[in-house]
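What follows is the residue order along each chain.
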Amino acid sequence: MTESNSNEAIDAMIDAADAFYRFGWLGGASGNMSWRRDDETVSITATGAHLGQLDADDFVDVDFDAKPSDGGEASGDVNVHLAIYRNIETAGAVYHVHHLQAALCSDRDHKRGFTHLHEVQMIHALGIGSDEEAVKVDIPIIEAAYDELGDAI
């Protein structure tokens, strides 16, 4: 990736984080973001980075073994991001947000193990169904144990 493309990617991540922060989907250091630089490197927000005030220095480059190349400390969710990149070759970025309604659904549905959605327009963004049919989907709730979360995904 060229330096120009790298700067554009970082700027796009910063802009997205700012918007998500203003929407209330990211709070301070709650959530994280990453993008795939190439087949060997991912840039992810550093642990403790304030997501509403990001700059280029708040990203840490890691390899696919989660080892930082520049001495920074990657977000605790780095293995989740890496699992997505390993399993979805076309994934170019991961935005891990903590939307209030999603958190409330997760809390409400924890014992059941999934949140059931139906007749919600945004389901179509998951590539499920069409505009003509009532679509239903169960979204699994996965325990937030950092060491095992990447494996679960």
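Sequence order as written defines residue numbering, which begins from 1 separately in each chain. Owing to the predicted nature of the model, reporting of local features is limited to residues with pLDDT of at least 70; listing and counting of side-chain atom pairs is limited to 80 or more, with chain, interface and lining totals taken over all residues. Side-chain descriptors were evaluated using all non-hydrogen atoms of the structure, hydrogens and water having been removed beforehand.

Enquirer: Can you tell me about the sheet that holds strand 2 (residues 41–45), naming the residues and giving the values?
Expert: One key point about sheets: their strands pair by backbone hydrogen bonds, in either a parallel or an antiparallel sense. Read across the sheet, 4 strands follow the order 3-2-1-4 without closing on themselves; strand pairing throughout is antiparallel. The open sheet has two edge strands, strand 3 (59–63) and strand 4 (93–96), and neither has a second partner. Strand-to-strand twist of the sheet, defined as the mean angle between neighbouring strand axes without regard to direction, takes the value 20°. A pair of strands is treated as paired once DSSP finds two or more bridges between them. The secondary structure listing takes helices from DSSP runs of H or I that are at least 4 residues long and strands from runs of E that are at least 2 residues long, numbered from the N terminus. Pairing of strand 1 (residues 32–36) with strand 4, which is carried by 4 bridges, proceeds in the antiparallel orientation. Each bridged residue has a counterpart across the sheet, and for asparagine 32 the counterpart in strand 4 is histidine 96. Two residues qualify as a contact provided that any one of their heavy atoms is within 4.5 Å of a heavy atom in the partner residue. The axes used here are C-alpha line fits, helices contributing only the stretch in contact, and every angle between their N-to-C directions lies in the interval 0 to 180 degrees. Against the sheet, helix 2 (residues 78–87) makes contact with strand 1, strand 2, strand 3 and strand 4, and its axis sits at roughly 35° relative to strand 1, the strand it touches most.

Enquirer: Break down the pairing of strand 2 for me, citing the residues and quoting the values.
Expert: In terms of residue burial, strand 2 counts as a mostly covered element, since 5 of its 5 residues are buried. Partly exposed describes any residue whose relative accessible area lies between the buried limit of under 20% and the exposed limit of over 50%, with all areas from a 1.4 Å probe on protein chains only and scaled to the type maximum. Because side chains alternate across strand 2, one face comprises the buried residues Thr41, Ser43 and Thr45, and the other comprises Val42 and Ile44, equally buried. Inspection of the sheet shows strand 1 paired to strand 2 by 3 bridges, in the antiparallel sense. From the neighbouring strand, serine 34 faces strand 2, where its bridge partner is isoleucine 44. Inspection of the sheet shows strand 2 paired to strand 3 by 5 bridges, in the antiparallel sense. Residue threonine 41 lies in a different strand from strand 3, and its bridge partner there is aspartate 63.

Enquirer: Could you give me a rundown of the packing of aromatic side chains, with the residues and numbers involved?
Expert: When we look at a pair of aromatic rings, we describe it by the centre distance and by the angle of the planes. Pairing of aromatic rings covers Phe, Tyr and the six-membered ring of Trp, with a centre-to-centre limit of 6.5 Å; geometry is then stacked below 30 degrees between planes, edge-to-face above 60, and tilted otherwise. Enumeration over the complete set of coordinates arrives at 3 aromatic pairs. Relative to tyrosine 95, the ring of phenylalanine 20 has its centre 5.4 Å away and its plane inclined at 70°; by these criteria the two rings are edge-to-face. Of the two residues, phenylalanine 20 sits in helix 1 (residues 3–23) while tyrosine 95 sits in strand 4, which places them 75 residues apart along the sequence. On the basis of relative accessible area, phenylalanine 20 is assigned to the buried category, the value being 14%.

Enquirer: Go over the nonpolar core with me, naming the residues and quoting the values.
Expert: Counting residues in hydrophobic clusters, the biggest one holds 14 residues, and the most contacted among them are Leu26, Met33, Leu54 and Phe59. When residues of this core are traced back to their parent elements, those giving at least two are helix 1 and strand 1. Within this scheme, the nonpolar core is defined by two criteria: the residues are buried Ala, Val, Leu, Ile, Met, Phe, Trp, Tyr or Cys, and they are joined through side-chain atoms within 4.5 Å.

Enquirer: Outline the side chain of aspartate 109, supporting the account with residue identities and numerical values.
Expert: In this structure, aspartate 109 sits in helix 3 (residues 100–109). Accessibility expressed as a relative area gives 5% for aspartate 109, which makes it buried. Not counting the four nearest positions on each side in its chain, aspartate 109 is found in contact with Phe114, Thr115, His116 and Ile141.

Enquirer: Got a sec to walk through the pattern of salt bridges? Specific residues and values, please.
Expert: Whenever Lys or Arg places a side-chain nitrogen within 4 Å of a carboxyl oxygen from Asp or Glu, that contact is recorded as a salt bridge. Inspection of the entire model under this criterion finds 4 salt bridges. For arginine 22, the salt bridge goes to aspartate 18, with nearest N and O atoms at 3.2 Å. With arginine 22 and aspartate 18 both in helix 1 and 4 residues apart, the pair spans about one turn of that helix. Given a relative accessible area of 32%, aspartate 18 falls into the partly exposed group.

Enquirer: Just give me the short version of the confidence of the model for the protein, but keep the residues and values in it.
Expert: What pLDDT expresses is the predictor's confidence in each residue, scored from 0 to 100. On average, residues of the protein score 82 in pLDDT, and 79% of them are at 70 or above. Mean pLDDT values over the elements of the protein span from 61, in helix 4 (residues 146–152), up to 95, in strand 3.

Enquirer: Residues and numbers for a negative patch on the surface, please.
Expert: Patches here are clusters of residues that have more than 30% relative accessible area and form no salt bridge, with a 9 Å joining cutoff for like charges and a 5 Å cutoff for nonpolar side chains (Val, Leu, Ile, Met, Phe, Trp, Tyr). Exposure was quantified through the Shrake-Rupley algorithm and a 1.4 Å probe, taking into account, for residues, occlusion by the shown protein chains and nothing else. His is not counted here, nor are the chain ends, while Lys and Arg score as positive and Asp and Glu score as negative. One atom stands in for each charge, and that atom is NZ of Lys, CZ of Arg, CG of Asp or CD of Glu. Taken together, the side chains of Asp38, Asp39, Glu40 and Glu89 make up a negatively charged region of the molecular surface. Along the polypeptide, glutamate 40 turns up in the loop between strand 1 and strand 2. For glutamate 40, a relative accessible area of 61% gives the class exposed.

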